[in-house]
Amino acid sequence: MRILPDHTGEHIIIQMEHAEQTIIATLLSDVSQLLSMDLPEPDADPFERLVGHLDPDQDVTRPTDPALLRLLPDVDSTDPERSVEYRRLTERDLRESKLHSIRIALHSLGQHPSPIALDADAARAWMRAMTDVRLVLASRLDITNDEDAERLLGGDTELGETGEAVLSLYELTTWLHEHITQFMLDGLAPHPDDDPDDGEDDLLFDEDGQFEGSDEDDAQGGL
Amino acid sequence: MTEQGGATAVAEPDATSVPAPVRDVPWVTMVLNDPVNLMSYVEFVFREYFGYSRAKARRLMLEVHERGRSRVSTGTREQMEADVQAMHGYGLWAECRPAEEGGDTA
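Residues numbered from 1 in each chain as written. Chains lettered and ligands numbered in written order. Predicted model: local features only at pLDDT ≥ 70, side-chain atom pairs only at ≥ 80, totals over all residues. Heavy atoms only, no water.

A short note on the packing of helix α1 (residues 39-50) of chain B against helix α3 (residues 77-90) of chain B
Residue and element names in this part refer to chain B.
Phase 1: Between α1 and α3, the least distance of the axes is 11 Å, while the angle of their chain directions is 140°. Between α1 and α3, the interaxial angle falls into the category oblique. The handedness of the crossing between α1 and α3 is right-handed. Contact residues: α1 offers Tyr41, Val45, Phe46, Glu48, Tyr49 and Phe50, while α3 offers Ala82, Asp83, Ala86, Met87 and Tyr90.
Phase 2: A breakdown of the residues in the contact of α1 with α3 according to their chemical character gives 9 nonpolar, no polar and 2 charged. (Axes fitted to C-alpha atoms, helices over the stretch in contact; angles between N-to-C directions. Helix = DSSP H or I, 4+ residues; strand = E, 2+ residues; numbered from the N terminus. Parallel < 35°, antiparallel > 145°, perpendicular 65-115°, else oblique. Left-handed = near helix turned anticlockwise from the far one by under 90°. Contact = heavy atoms within 4.5 Å. Nonpolar A, V, L, I, M, F, W, Y, C, P; charged D, E, K, R; others polar.)

Rendered as C-alpha cells:
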C-alpha cells in the first residue's frame, strides 16, 4: 500500500493491491457487523426505529464485548445510573454515525480500482472508520495500556499465527490512519493564534521548542 | 446527585446551605488516555471539533498522554454531553460530569 503524491493537496491518493483492498473491506465489514448487533431489522416499522429509543421501557444494555464497549463507552464510569440513561438516549445515533463512516469507506473501495483518491469528506470518513477498526483490533490483541502497545509494535511478542496476523493488520491500519490524519491536519484552516513558524511535522516539540521524543516513538506508540 | 430546586423541601432557618440544582453547576468534558489513538489524531480532533489553536490542542493532547486525562471543555450539562458524543464519534475515550469544586478547567 502506498500514498501517491497529489500536488493540489485536495486529495489523498491511496494505492492498494487487490489483496489489500479485500483485507480492508473485510475489516470494515466486520466492524460494521459488530456495530449492527441488536439494532432492529431494516424492514422494521420506520417510526419505531426512529423513536423506539425514547420508550422508557426499552432496554439498551451496556455492551459486554470489550471491543464494542470501547466503541460505545460509558458517559461517566463513576455514575452507572446516568450512564445507562445516556446510553439509552444516544447509543443508537452513535452506532449509526459510525456505520455511516464505514459505509462511505466501503463505497470508496467498491467503486474504484486502485489508486483511490479521497477528498476531505471521504478522508474524514476513512479516518473515523479506521479508528474504529484499530480500536477493535487492539481489543482483540488485548492492548489495554501504552506499554502493551509499545511492546507489541516493538516486536516483543509471543503471539500465535492468528495473533501475528491480527498484529500486522493493526500495523497496516495504523500506518494508513496516520497518513490520512496528516492529510487532514494539512487541510485545517490556520487558527489566528497559530505560529506560522511552528511546523506541522514538529509534533513532538512543545511550545517552548523543547524536544519531546523521536518520530519513531510517535509512529509506533499509542497515545 | 442533588435534587432539582423548588419542589417541596423547606429549609429550617438555621439549616446549612441547600445544594445548588444540578442545572446551575458547570460541567466538564474529559478526554482519557488510551493506547490506540495516536497523538497526531488526538491533536487533530481538538483542532477540528473545538477549533483550538495548534498550541492549545497540543497542550491538551500532551496532558492526556502524560497525566492520563485532560479537561477539554466546560459548559452546561447539555453542551458537555454533546461534546462527549462527538468525542466518542471520533473514537476517543471521553466522559463528562459536574466540575469538581476548585478544579481547574480547560
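On we go from here.
Looking at empty space enclosed by the protein
Phase 1: Evaluation of the coordinates by the stated rule reveals 1 cavity of 30 Å³ or more.
Phase 2: Estimated volume of the largest cavity: approximately 60 Å³.
Phase 3: Around the largest cavity, the lining residues are Leu72, Pro73, Tyr86, Arg87, Thr90, Glu91 and Leu94 of chain A together with Gln85 and His88 of chain B.
Phase 4: Looking at the lining of the largest cavity, the elements that each hand over two or more residues are α4 (80-111) of chain A together with α3 of chain B.
Phase 5: Among the elements that line the lining of the largest cavity, the one with the most residues is α4 of chain A, at 5 residues.
Phase 6: Residue composition of the lining of the largest cavity, by class: 4 nonpolar, 3 polar and 2 charged. (1 Å grid on protein atoms, 1.4 Å probe; cavity = no way out; pocket = protein on both sides within 12 Å on 5 of 7 lines; lining within 4 Å. Points joined across faces, edges and corners; volume = space filled by probe spheres on them.)

Just distances and angles here, no functional claims.
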